[in-house]
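Tertiary structure, described
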Amino acid sequence: MLAIKSPRAYAHEAGLRARAGEFIKPYATHIRIFTSPHAWHAVNPELSQSLEASGISWQLEYLPGECTEQAIAHLKHNTEQQGAELLLAIGGGRVLDAAKAAASQLPAVTLVNFATLAATCAAWSPLAIIYSDRGEHLRSQPLGKMPELVLVDSEVIARSDVRYLKAGIVDALAKYYEFQPYQRHNPDDLALDLKVMTARRALETFQQWGDAAVAANQQQQVTPALVRVIDASIVLAGLANSVRDVLPTPGVAHAIHNQLTHQPELHHWLHGEKVGYSLLVQSLIEHHGEPDAGLLALLRQYAMPLTLPALSGDRAARLHTLAQQIKFPQASAERLPFTLTAATLEQALLATDHLV
């Protein structure tokens, strides 16, 4: 069964934060805002002035750390206690995922996501990623409902650290390298075709506009290149993730990423940086020890880490354990055109130490 789950609407324009009230007022005048101190500062005073001008009252709540079960339960409880009609999430992936998970448990509450970073496709993706307090991946939770609106202000993103944009580009281009291999054994799968076509369009966008977008971000300027890359990182990557079929096609690189989050030495890496390194590991397995040259060039272009940092204890033993702990569904592994086992993972992890 083919299914596509996506937000009802997407709006992206420079300065949109000053029109937030116009977008929200048709849905509610009594809302809860869930954000982080940094994201709240990034959209204000324009956003709060817009809400006030539209007669919208709100209560503010900050996410204290990771997107955890406790944070989701706390947000759900507070939203219910307030009697809010709408939940407005403003921030990056952790904030947006926690809000999506909480809103899925609140059938009467409308969700609006306002992405302040283009570091992931979390604003659009039909999943919420649940972590421990230490930032360790626990599970990916499918959503019962999607946001009514996804809002993006390219001025806000242009003022963010360019490292987030680079990580978002790599997280988005990963979809092509993760989904395309499944086509070799499944050439007539419409859902897979749609995923790959959308992911390929994102990749082509980065190949054409990526350098210019990064330069614009570094100069804190909104340009057509930056707008295109933001949309590819959020919309195209999110849409590729939104297509579902009976047979799952999980991303190998994201499965490797999930276990990397359990390594304390990598907590300073962004999500997209972990995914970038994991793409290299996948490529080494897929191409028998020689990574895809085009992928490697992209990882270098966006300054992704290509080897793990120093690890406590015996390095070889740590990599052996890491390879053993990476989990991937056997039924999905059998649909891939390469052998994914603990042994091939360990060999590829070791190989990244010697990549020039």
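In the annotation of an unreviewed UniProt entry, the protein is listed under the name Iron-containing alcohol dehydrogenase family protein and assigned to Pantoea brenneri.

To continue, consider the UniProt feature "domain: Alcohol dehydrogenase iron-type/glycerol dehydrogenase GldA" (unreviewed entry) in the protein. In the UniProt entry, the feature "domain: Alcohol dehydrogenase iron-type/glycerol dehydrogenase GldA" (unreviewed entry) is given for residues 7–153. As a span, residues 7–153 carries 31% helix and 29% strand, and end to end its C-alpha atoms are 17 Å apart.

Attention shifts here to the environment of A333. Structurally, the position occupied by A333 is in helix α14 (residues 330–333). Spatially, the C-alpha atoms of A333 and T352 are 22 Å apart, while their sequence positions differ by 19 residues. Residue contacts for A333: discarding those within four places in its chain leaves F328 and F338.

On to the sheet that holds strand β6 (residues 110–115). In spatial order, the strands read β2-β9-β6-β5-β3-β4; together these 6 strands make up an open sheet with parallel pairing. Across the chains shown, the open sheet's two edge strands, defined by having one partner strand only, are β2 (9–12) and β4 (57–62). For this sheet, the mean angle separating the axes of adjacent strands, direction not counted, is 20 degrees. Of the pairings in the sheet, the one linking β2 to strand β9 (residues 149–152) comprises 4 bridges and is parallel in character. Residue pairing in the sheet places H12 in a bridge with V152 of β9. Docked against the sheet, helix α3 (residues 46–53) engages β3 (30–35), β4, β5 (86–91) and β6, running at close to 150 degrees with respect to β4. Where helix α4 (residues 69–82) meets the sheet, its contacts fall on β3, β4 and β5, and the angle it forms with β3 comes to roughly 160 degrees.

Attention now goes to the pattern of salt bridges. Enumeration according to the criterion identifies 19 salt bridges in this entry. A salt bridge links R163 to E273, with the shortest nitrogen-to-oxygen separation between them at 2.7 Å. In this pair, R163 is assigned in helix α7 (residues 162–179) and E273 in helix α11 (residues 271–286), connecting sequence segments 110 residues apart. Two residues, R184 and E286, come together in a salt bridge whose shortest N-O distance is 2.4 Å. Of this pair, R184 sits in the loop between α7 and α8 (190–218) while E286 sits in helix α11; the two residues are 102 residues apart in sequence, bridging distant segments of the chain. A relative accessible area of 43% means that R184 is categorised as partly exposed. Residue classification places E286 among the buried residues on the basis of a relative accessible area of 12%. Where salt bridges share partners, they join R17, E46, D153 and E155 into one cluster.

What follows is about the side chain of T68. Mapped onto the secondary structure, T68 falls in the loop between β4 and α4. At 3.0 Å, the side chain of T68 and the backbone nitrogen of A71 are in polar contact. If we skip the residues at most four places from it in the chain, T68 touches I130, Y131, S132 and D133.

Right, let's talk about the packing of α7 against helix α9 (residues 224–242) for a bit. How two helices sit against one another is set out by the angle between their axes and by the gap between those axes. Running from amino to carboxyl end, α7 crosses α9 at an angle of 40 degrees, the nearest separation of the two axes being 9 Å. Regarding the angle of α7 to α9, the classification is oblique. Two packed elements cross with a definite hand, and for α7 against α9 that hand is left-handed. Across the interface between the two elements, L165, G168, I169, A172, K175 and F179 of α7 pack against L226, V229, A232, S233, A237, A240 and N241 of α9.

Rules used throughout
In this convention, every chain numbers its residues from 1, walking through the sequence in written order. Totals for whole chains, interfaces and linings use every residue, but because this is a predicted model, local features are given only for residues with pLDDT of at least 70 and side-chain atom pairs only at 80 or more, for both listing and counting. Think of the side-chain values as coming from all heavy atoms in the structure, minus any hydrogens and water. UniProt positions are given in the numbering used here, feature names are shortened, and annotations may be inferred rather than shown by experiment. Only runs of H or I of at least four residues qualify as helices and only runs of E of at least two qualify as strands under DSSP, and these elements are numbered from the N terminus. Should any heavy atoms of two residues lie within 4.5 Å, those residues are considered in contact. Pairing between strands is defined by DSSP: at least two bridges between the two strands are required. Lines fitted to C-alpha atoms define the axes, with helix axes restricted to the stretch in contact, and inter-axis angles between N-to-C directions lie between 0 and 180 degrees. Should a side-chain nitrogen of Lys or Arg be within 4 Å of a carboxyl oxygen of Asp or Glu, the pair is scored as a salt bridge. Throughout, exposure labels follow a simple rule: accessible area from a 1.4 Å probe, protein chains only, divided by the maximum for the residue type, with under 20% read as buried, over 50% as exposed, and the rest as partly exposed. What qualifies as a polar contact is a pair of N or O atoms within 3.5 Å, subject to a donor-acceptor requirement within protein and to the restriction that residues adjacent in sequence count only when both atoms come from side chains. Roughly parallel covers angles under 35 degrees, roughly antiparallel covers those over 145, roughly perpendicular covers 65 to 115, and oblique covers all other angles. By convention, the crossing between two helices is left-handed when the near helix turns anticlockwise from the far helix through less than a right angle, and right-handed when the turn is clockwise.

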